[in-house]
Amino acid sequence: MNRGKLYVVSAPSGCGKGTILAEILKNNQNLFYSVSATTRSPREGEIDGVDYYFIAKEEFEREIENSGMLEYAEFCGNFYGTPKKKVIDKLEQGIDVILEIETIGAMKIKKAMNDAILIFILPPSVSELRRRLNKRGTEEHEIIEKRLKEAADEIKRACDYDYIMMNDELGKAIEDFEAILTASKLTNENNKNMIEEVLKNA
Ligand code: ADP
Ligand code: 5GP
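Asks: Could you clarify how one ought to interpret the packing of helix α1 (residues 17-27) against helix α7 (residues 170-185) in this entry?
Replies: Relative orientation of the contacting elements α1 and α7 amounts to 55°, with a least axis distance of 10 Å. One way to sum up the angle between α1 and α7 is to call them oblique. Relative to α7, α1 is oriented so that their crossing is right-handed. Seen from α1, the contacting residues are Thr-19, Ile-20, Leu-21, Glu-23, Ile-24 and Asn-27; seen from α7, they are Leu-170, Ala-173, Ile-174, Phe-177, Glu-178 and Leu-181. Tallied by class, the residues present in the contact of α1 with α7 amount to 8 nonpolar, 2 polar and 2 charged.

Structure follows, in structure tokens:
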């Protein structure tokens, strides 16, 4: 059995990665979305264990000490990390896994797991990003400005990703994301056995 594929998705806050992934996960029941741990407070409507594991800083630090995190990073004053065990278990069971994480954590994954597939989602512009963050209305003005400042640095790191796509028109972005998933399955590395299969009956 082949190991599952590890997809790492990053995008500036407010770009629409959550919106795109919700749709992708609806259409791909076999994909496992890794729920991260964070020290930030839940937004209205967010559910513990579904959107994040909301934990205190002390617990987060304990997890790091116990090597329980596959990666972690600080983002705009809060810690975010990927619980290791579930991700490794799923990959070993041949199940594909999606991590939705910021760029520092993504680079840590790229270094540690060289077969991970990194996807960066760009916004059409920084002004559109500001418009989306304001429209979402889940953060105070000051936090939105902090996130927008962070966005410029994150966008610069997009060149280290395997795939770069834009979330301008949502339907097209979902199609592009599906296309990346499909293409990543059709590599030479993945399909060498197909050649032998075909030649067997030649
Ligand atoms: P992220 O998960 O990247 O922080 P969200 O998925 O929460 O971003 O999206 C931020 C806001 O932008 C939401 O209000 C969402 O409805 C909106 N949005 C997402 N994609 C688009 C799009 N293609 N065009 C316009 N608005 C969008
Ligand atoms: P938000 O507070 O908007 O939910 O997330 C802020 C940023 O943290 C986003 O870029 C999101 O992708 C990132 N993030 C979420 N979970 C993780 C994680 O487990 N590890 C890392 N490194 N970043 C994460």
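The discussion continues.
Asks: Just to check I follow, could you spell out the nonpolar core for this structure?
Replies: The nonpolar side chains of a soluble globular protein tend to be buried with one another. Counting 23 residues, the largest nonpolar core has Ile-20, Ile-121, Met-165 and Phe-177 as the members making the most contacts within it. The set of elements that each furnish at least two residues to this core consists of β1 (6-10), α1, β8 (117-122), α5 (126-136), α6 (141-156) and α7. Broken down by element, the residue count for this core peaks at 5 residues, all from α7. Aside from chain neighbours lying at most four places away, what touches Met-165 is Ile-20, Ile-119, Phe-120, Ile-121, Leu-122, Ala-173, Asp-176, Phe-177 and Ile-180. Of all hydrophobic cores here, the second largest spans 17 residues; its members include Leu-6, Phe-120, Leu-122 and Ala-158.

Asks: Would you mind showing me how to read the site of ligand 1 here?
Replies: Close contacts around ligand 1 come from 14 residues, with Gly-14, Thr-19, Arg-136, Asn-167 and Asp-168 the closest. Take Arg-136: an N or O atom from its side chain is 2.8 Å from an oxygen atom of ligand 1. Alone, ligand 1 offers 570 Å² of accessible surface; in the complex the protein occludes 79% of this. The residue inventory of the shell around ligand 1, partitioned by class, reads 3 nonpolar, 6 polar and 5 charged.

About the cut-offs
Residues numbered from 1 in each chain as written. Chains lettered and ligands numbered in written order. Predicted model: local features only at pLDDT ≥ 70, side-chain atom pairs only at ≥ 80, totals over all residues. Heavy atoms only, no water. Axes fitted to C-alpha atoms, helices over the stretch in contact; angles between N-to-C directions. Helix = DSSP H or I, 4+ residues; strand = E, 2+ residues; numbered from the N terminus. Parallel < 35°, antiparallel > 145°, perpendicular 65-115°, else oblique. Left-handed = near helix turned anticlockwise from the far one by under 90°. Contact = heavy atoms within 4.5 Å. Nonpolar A, V, L, I, M, F, W, Y, C, P; charged D, E, K, R; others polar. Core = buried A, V, L, I, M, F, W, Y, C linked by side-chain atoms within 4.5 Å. Buried < 20%, exposed > 50% of the residue type's maximum accessible area, 1.4 Å probe, protein only. Near = heavy atom within 4 Å. Polar contact = N/O pair within 3.5 Å; in protein donor to acceptor, adjacent residues only side chain to side chain. Areas by Shrake-Rupley, 256 points an atom, 1.4 Å probe, with all protein chains shown as cover.

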